Amino acid sequence: MKVKGNRANKVNVITLGCSKNLVDSEVLMGQLRGNGYDVTHESTKNESGIVIINTCGFIDNAKQESIDTILQYADAKEAGKVDKVYVTGCLSQRYKDQLEVEIPQVDAYFGTLELPQLLKTLNADYKHELVGERLLTTPKHYAYFKIAEGCNRPCSFCAIPLMRGKHVDKTMDDLVTEATKLARLGTKELILIAQDLTYYGLEKYGERKLAELVRRLSDVSGIDWIRLQYAYPSQFPMEVLDVMQERENVCKYLDMPLQHISDNMLKTMRRGISKRRTVELVDQIRQRMPDIALRTTLIAGHPGETEQDFQELYDFVEKTKFERLGIFTYSHEENTHAYTLEDNVPAEVKQERADAIMELQQGISMDLNEQKVGNTYKVLFDRKESGYWVGRTQYDSPEVDNEVLVPATSQYVRLGDFAQVKITEASDFDLYGEVVSQ
């Protein structure tokens, strides 16, 4: 029996993909709550009359997960378990026409910039006074903090500009307002994200303003950590490092996706930077900030990648010894520049190359972690899991980086709080320690 009357005002938001999508969902949820809706995030109970799926369309695996999720809720609608299904986000932006034909059970599809239209469909108003208001889906002590939308970079492999459009900055005043509201709610760590942080300011102010923005955010009372993710290497604004040195609450951490190192591949990927300049940049950053943790992301198997190209990449990783590193196998995405090239590296070779890099990185990470044994670090604790309090140092971002584990059987910490932890043991991607003060 349907209980439509009890669930008509309840909305369940499902988020797929990256942290930028997560922020979009949090803003959507804040707007819905401001309009009187009862909102949940990824509830497993069939008690919501309305389901909104925020999709990812970046690479094949992500697209398939999004399609599977849409089909799951389309079936739930046909079975009477939900009343309405709406789809938004990157997949919907990129393939709306095809999706409307293939999965017509969905009530409506919306693109990445169509939040007001989605709200209108639900008889809700976009409330400008709610700028900066979000329903956090993360633990309240940290929040992903999106400073811009879209991207102007011409990278061969990337479909993001097709789904997110050109780079558009948020104003500095709006971002400070949002940070202040988050701090009042108990957020201690802001994780700055965008398709390209280093481009910030060019669209709105005519010059790069990331350093100024970080300074203003670091002045917000209650914000203990500010972390920078997704910094493009070409024309990197070195003054950002000055802010890291000046301000204690700016983490000595930089996520800079390099993608490759051979000149052949950097040119083919349309990255706008050479091997020589990349190596110089990494060296300059490390010279100015010897204790910085550098994270990078690489791609294995892009069209045209030869064994020699891959060997250059392997040697670069071995020599550079990044503190944090991830690698993806290339995905052949239609309407990108790389789609005009032959996808000529077999899938098994792509995977073998990615595995080889990660095996190398595992050893590098183990060596670096062993050097931390005996040292004491400020740790922010995120959760309790498998008999441990699990936290992070300033050198680690949630979900993708190393963690610090403290036995819950013998010690107590408050989740969302900082503690000084002495490292007693190391593994390849984790540290173990004991709390020495809180």
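If you're wondering where the values come from, they're calculated on a predicted model, not measured in any experiment. (Residues numbered from 1 in each chain as written. Predicted model: local features only at pLDDT ≥ 70, side-chain atom pairs only at ≥ 80, totals over all residues. Heavy atoms only, no water.)

Points about a negative patch on the surface
Then, number 1: A grouping of E348, E352, D355 and E359 is seen on the molecular surface, where their side chains present a negatively charged patch.
Then, number 2: Mapped onto the elements of the fold, D355 is located in helix 14 (residues 347–370).
Then, number 3: Under the relative-accessibility criterion, D355 is labelled partly exposed at 42%. (Patch = residues over 30% accessible without salt bridge, like charges linked within 9 Å, V, L, I, M, F, W, Y side chains within 5 Å. Areas by Shrake-Rupley, 256 points an atom, 1.4 Å probe, with all protein chains shown as cover. Salt bridge = Lys/Arg side-chain N within 4 Å of Asp/Glu carboxyl O. Lys, Arg positive; Asp, Glu negative; His and termini not counted. Charge placed at Lys NZ, Arg CZ, Asp CG, Glu CD. Helix = DSSP H or I, 4+ residues; strand = E, 2+ residues; numbered from the N terminus. Buried < 20%, exposed > 50% of the residue type's maximum accessible area, 1.4 Å probe, protein only.)

A look at the environment of F322
Then, number 1: Inspection of the secondary structure puts F322 in the loop between helix 13 (307–320) and strand 13 (324–329).
Then, number 2: On the accessibility criterion, F322 (2% relative accessible area) is buried.
Then, number 3: Residues F322 and N12, 310 residues apart in the sequence, show an inter-C-alpha distance of 39 Å.
Then, number 4: Each residue touching F322, except ones within four places of it in the same chain, is listed here: L258, R286, L294, T296, F316, Q361, I364 and L368. (Contact = heavy atoms within 4.5 Å.)

Section: the packing of helix 7 (residues 172–184) against helix 9 (residues 210–218)
Then, number 1: In the contact formed by helix 7 and helix 9, the axes pass within 10 Å of each other and the chain directions differ by 30 degrees. Classified by the angle their axes make, helix 7 and helix 9 are roughly parallel. Note that helix 7 runs across helix 9; the crossing there is right-handed. Contacts between helix 7 and helix 9 involve M172, D173, L175, V176 and A179 from the first element and E212, L213, R216 and L217 from the second. (Axes fitted to C-alpha atoms, helices over the stretch in contact; angles between N-to-C directions. Parallel < 35°, antiparallel > 145°, perpendicular 65-115°, else oblique. Left-handed = near helix turned anticlockwise from the far one by under 90°.)

Some details on unusual backbone geometry
Then, number 1: Not every positive phi belongs to a glycine, and R270 is a case in point at roughly 60 degrees.
Then, number 2: By the element assignment, R270 lies in the loop between helix 11 (263–268) and helix 12 (275–288).
Then, number 3: Even without glycine at this site, S386 takes up a positive phi of about 50 degrees.
Then, number 4: Inspection of the secondary structure assignment puts S386 in the loop between strand 14 (376–385) and strand 15 (388–392).

Quick notes on the UniProt feature "binding site: [4Fe-4S] cluster 1" (unreviewed entry) in the protein
Then, number 1: According to UniProt, the "binding site: [4Fe-4S] cluster 1" (unreviewed entry) feature falls on C18, C56 and C90. Separation in sequence by 73 residues is not matched in space for these annotated residues, since their most distant C-alpha atoms are only 10.5 Å apart. In the annotated group above, the largest pocket draws its lining from C18, C56 and C90.
Then, number 2: Positionally, C18 belongs in the loop between strand 1 (10–15) and helix 2 (19–34).
Then, number 3: For C56, the residues in contact, after removing those within four places along its chain, are L16, G17, N21, A62, K63, S66, C90 and L91. (UniProt positions renumbered as here; feature names shortened; annotations may be inferred. 1 Å grid on protein atoms, 1.4 Å probe; cavity = no way out; pocket = protein on both sides within 12 Å on 5 of 7 lines; lining within 4 Å.)

Here we look at the pattern of salt bridges
Then, number 1: Under the criterion given, the structure shown has 35 salt bridges.
Then, number 2: Between R392 and E189 there is a salt bridge whose closest N-O contact spans 2.7 Å. Within this pair, whereas R392 is found in strand 15, its partner E189 is found in strand 9 (residues 189–193), the two being separated by 203 residues in sequence.
Then, number 3: We classify E189 as buried; its relative accessible area is 0%.
Then, number 4: Via salt bridges that share partners, D24, K146, E149 and R164 belong to a single interconnected network.

Observations concerning the environment of K146
Then, number 1: Note on placement: K146 falls in strand 6 (residues 142–146).
Then, number 2: Sequence separation between K146 and G201 is 55 residues, and the spatial gap between their C-alpha atoms is 13 Å.
Then, number 3: In this view, K146 contacts K20, V23, D24, R164, K170, L175 and I193; residues no more than four positions away in its chain are not counted.
Then, number 4: A distance of 3.0 Å separates a polar atom in the side chain of K146 from a polar atom in the side chain of E149. (Polar contact = N/O pair within 3.5 Å; in protein donor to acceptor, adjacent residues only side chain to side chain.)

Notes on the domain arrangement of the protein
Then, number 1: Domains assigned within the protein are domain 1 (7–130), domain 2 (142–371) and domain 3 (375–435).
Then, number 2: Facing the 18 residues of domain 1 at the interface are 18 residues of domain 2.
Then, number 3: At the boundary of domain 1 with domain 2, total buried surface from both sides reaches about 1,700 Å², with 55% on carbon and sulfur atoms.
Then, number 4: Considering only the side of domain 1, the residues that lose the most area to domain 2 are K20, F58 and R94, jointly responsible for 37% of the buried surface there.
Then, number 5: One salt bridge in this structure joins D24 and R164, with 2.7 Å as the shortest N-O distance.
Then, number 6: Linking domain 1 with domain 2 are eight residue pairs in polar contact (both at pLDDT 80 or more), by the criterion used here.
Then, number 7: Counting residues per element, the side of domain 1 that touches domain 2 draws most heavily on helix 2, which supplies six residues.
Then, number 8: Of the residues in the side of domain 1 that touches domain 2, the class split is seven nonpolar, five polar and six charged. (Domains from an automatic or database assignment. Buried area = accessible area lost by both parts, 1.4 Å probe. Nonpolar A, V, L, I, M, F, W, Y, C, P; charged D, E, K, R; others polar.)

Quick look at the layout of surface pockets
Then, number 1: For the largest pocket, the calculated volume is near 1,400 Å³.
Then, number 2: Along the wall of the largest pocket there are 48 residues; nearest its centre are C18, K20, F58, Y230 and F328.
Then, number 3: If you list the elements that add at least two residues to the lining of the largest pocket, you get helix 2, helix 3 (60–78), helix 6 (160–164), strand 12 (293–300) and strand 13.
Then, number 4: Of the residues in the lining of the largest pocket, the class split is 25 nonpolar, 13 polar and ten charged.
Then, number 5: Its boundaries defined by the atoms lining it, the second largest pocket holds a volume of some 830 Å³.
Then, number 6: Within the residue set of the lining of the second largest pocket, elements represented by two or more residues are helix 2, strand 4 (84–89), helix 5 (115–121), strand 7 (148–149), strand 8 (168–169) and helix 7.
Then, number 7: For the lining of the second largest pocket, the leading source of residues is helix 2, giving seven residues.
Then, number 8: Looking at the lining of the second largest pocket residue by residue, the class counts come to 13 nonpolar, ten polar and twelve charged.
Then, number 9: In terms of domain composition, the lining of the second largest pocket takes at least three residues from each of domain 1 (7–130) and domain 2 (142–371). (Points joined across faces, edges and corners; volume = space filled by probe spheres on them.)

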